[in-house]
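The primary structure of each chain is shown beneath.
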Amino acid sequence: MKAAVVAAAGGAVPEYQDFPDPRARQDQQIVDLVATAIHPVVRAKASGAHYSSTGQFPLVPGVDAVARTADGTLVYTGEIDAPWGTFAERMAVTLALPLPEDADPVAVAAGINPGMSSWMPLTAHADEFGTPDTVMILGVTGAAGGLAVQNAGALGVRRVIGVGRGADSLKRVAGLGAETVEIIGDKEVDATAIGTALGTEAPDLVLDFLWGGAAESAFQALAAVPGAGSTSYVEIGGAAGQQALVPAPLLRSRPFRLSGSGIGSFDMRRYVAQLVTYAGLIADGKVDVSAQTYPLSKVSEAWTAPQGPRPVLIPG
């Protein structure tokens, strides 16, 4: 079969070429590709740098897809056994969640991965503590951050504070309903700007797609907020660095819960149930997903395309 193939670790661009057909175990079925997206986690796993990378090369990248079963059912799938992935004409899958026939497969393929990264902690907080009143999002101008704003709105969050870079990108996010804070590079200045946005009210929930210095600025700002409001801080991505110093006074001055959100941290039964719900939101157009399609044969072009709408590969 034809597939996108990464020959070795280190960030090589995938090439469109022949690759052995997948072999289905007894609990699997072979499905045909409809749409699959190039997410940041796909790039990280393909480079060998991600914590979940298997180290097997050559490999077919791709973590999730919309596909069609032998009986014609449109499904969402993912977690393909290495060295196979979803950037291929066919894949052997265990997970096959039926989608509405009128669902836009490109939107689902582009939106599930970045959207679920905030949907899971948002719904977990709502289940345990009630719908958060105020949510702060670090890294709001990325695809996942923009979906996080929409997800918070869909759940009835009253106030969303978005922290990110780029005046034009922040204007777009503001149009989604977020108050915005611009990161300009100095941690002390950033902390002051974040603190000004927060005022006297600590956020109920922080969704952090950046970590690194951005998280340290947020910690500094949170420690200065008066009162003893409870905050749950969820680390999702590390675009600004893999390490961050957590100040001890913050942990002692208020109820503060620090956790991470990723596929290894989820109860998979809950994840699958929420995935079905979230796929329905995308299918119904309740969250807007930006995507640009490329035929699978143009994977190298899609992989190196300038930053913009999420690249989605379709058959061809």
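Above this note sits the structure.
Figured I'd write up the structure that's included with this text. Keep in mind the model is a prediction, meaning the values are calculated, not measured.

Quick notes on the sheet that holds strand 12 (residues 231-235)
Consideration 1: If you trace the 6 strands from one edge of the open sheet to the other, you get 10-9-8-11-12-13, paired in parallel fashion. Since the sheet does not close on itself, it has two edges, and those belong to strand 10 (179-182) and strand 13 (256-260), each with one partner. Geometrically, the sheet is characterised by an average inter-axis angle of 15° between neighbouring strands, direction not taken into account.
Consideration 2: Note: strand 11 (residues 205-208) against strand 12, 4 bridges, orientation parallel. Bridge assignment links Val206 to a residue of strand 12, and that residue is Tyr233.
Consideration 3: Most of the contacts of helix 2 (residues 105-129) go to strand 11, to which it runs at about 165°, and overall it touches strand 8 (134-138), strand 11, strand 12 and strand 13.
Consideration 4: Helix-sheet contacts for helix 4 (residues 167-175) involve strand 9 (159-164) and strand 10, and the interaxial angle to strand 10 is about 165°.

Thoughts on a nonpolar patch on the surface
Consideration 1: A contiguous nonpolar patch, built from Tyr51, Ile263 and Met268 and spanning about 320 Å² of accessible area, is present on the exposed surface.
Consideration 2: Here Met268 shows up in helix 8 (residues 268-283).
Consideration 3: Owing to a relative accessible area of 39%, Met268 belongs among the partly exposed residues under this scheme.

What about the pairing of strand 10?
Consideration 1: For strand 9 and strand 10, the ladder comprises 4 bridges, and the chain directions are parallel. Opposite Gly162, over in strand 10, you have Thr180 as the bridge partner.
Consideration 2: Since strand 9 and strand 10 lie parallel, the crossover through helix 4 that links them has a hand, and here it is right-handed.

Here's the deal with the packing of aromatic side chains
Consideration 1: Scanning the entire structure with this criterion turns up 8 aromatic pairs.
Consideration 2: Centre to centre, the rings of Phe219 and Phe256 are 6.3 Å apart; their planes meet at 80°, and the pair counts as edge-to-face. Linking Phe219 in helix 6 (residues 212-224) with Phe256 in strand 13, this pair joins segments that are 37 residues apart in sequence. Each member of the pair, Phe219 as well as Phe256, carries the same accessibility label: buried.
Consideration 3: Summarising the aromatic geometry, the rings of Phe266 and Tyr271 are spaced 5.3 Å apart at their centres and angled 10° between planes, so their arrangement reads as stacked. There is no split in this pair, since Phe266 and Tyr271 are both buried.
Consideration 4: Through pairs of rings, three or more aromatic residues link up here, namely Trp211, Phe219, Tyr233 and Phe256.
Consideration 5: Taking the ring centre of Trp303 as reference, the NZ or CZ of Arg43 above it sits at 4.9 Å.
Consideration 6: Note that Arg257 overlies the ring of Phe129, its terminal NZ or CZ placed 4.3 Å from the centroid.

Things to note about helix 2
Consideration 1: Here helix 2 is 25 residues long and its end C-alpha atoms lie 34 Å apart, about the 36 Å a rise of 1.5 Å per residue gives.
Consideration 2: Along helix 2, the helix axis deviates most sharply at Ile112, where the bend reaches about 45°; the proline Pro114 sits within four residues downstream.
Consideration 3: For helix 2, the tally of buried residues reaches 18 of 25 residues, placing the bulk of the element in the interior.
Consideration 4: Immediately beyond the C-terminal end of helix 2, within one or two residues, lies Gly130, with a positive phi of roughly 95°.

A closer look at the side chain of Thr86
Consideration 1: One can find Thr86 in the loop between strand 5 (74-78) and strand 6 (90-93).
Consideration 2: Non-local contacts of Thr86, meaning those with residues more than four positions away in its chain, are made with Leu33, Thr36, Val60, Pro61, Gly62, Val63, Asp64, Ala65, Ile80 and Met91.

Some words on the pattern of salt bridges
Consideration 1: Applying the stated criterion across every chain, the model contains 11 salt bridges.
Consideration 2: For Arg25, the salt bridge identified is with Asp81, shortest N-O distance 2.3 Å. Taken together, the residues span a long stretch of sequence, with Arg25 in the loop between strand 2 (15-18) and strand 3 (29-37) and Asp81 in the loop between strand 5 and strand 6 at a distance of 56 residues.
Consideration 3: A salt bridge links Arg159 to Glu201, with the shortest nitrogen-to-oxygen separation between them at 3.7 Å. On the criterion of sequence distance, the pair formed by Arg159 in strand 9 and Glu201 in the loop between helix 5 (187-198) and strand 11 is long-range, its members being 42 residues apart.
Consideration 4: Residue classification places Arg159 among the buried positions, given a relative accessible area of 12%.
Consideration 5: Linked by salt bridges that have partners in common, Asp133, Arg158, Arg159, Glu179 and Glu201 make up one network.

Definitions and limits used
Residues numbered from 1 in each chain as written. Predicted model: local features only at pLDDT ≥ 70, side-chain atom pairs only at ≥ 80, totals over all residues. Heavy atoms only, no water. Pairing = 2+ DSSP bridges. Helix = DSSP H or I, 4+ residues; strand = E, 2+ residues; numbered from the N terminus. Axes fitted to C-alpha atoms, helices over the stretch in contact; angles between N-to-C directions. Contact = heavy atoms within 4.5 Å. Patch = residues over 30% accessible without salt bridge, like charges linked within 9 Å, V, L, I, M, F, W, Y side chains within 5 Å. Areas by Shrake-Rupley, 256 points an atom, 1.4 Å probe, with all protein chains shown as cover. Salt bridge = Lys/Arg side-chain N within 4 Å of Asp/Glu carboxyl O. Buried < 20%, exposed > 50% of the residue type's maximum accessible area, 1.4 Å probe, protein only. Right-handed = clockwise from strand over helix to strand, strands pointing away. Phe/Tyr/Trp six-rings, centres within 6.5 Å; stacked < 30°, edge-to-face > 60°. Lys NZ or Arg CZ within 6 Å of the ring centre and 35° of its normal. Expected span 1.5 Å × (residues − 1). Bend = angle between axes of the 7 residues up to and from the residue.

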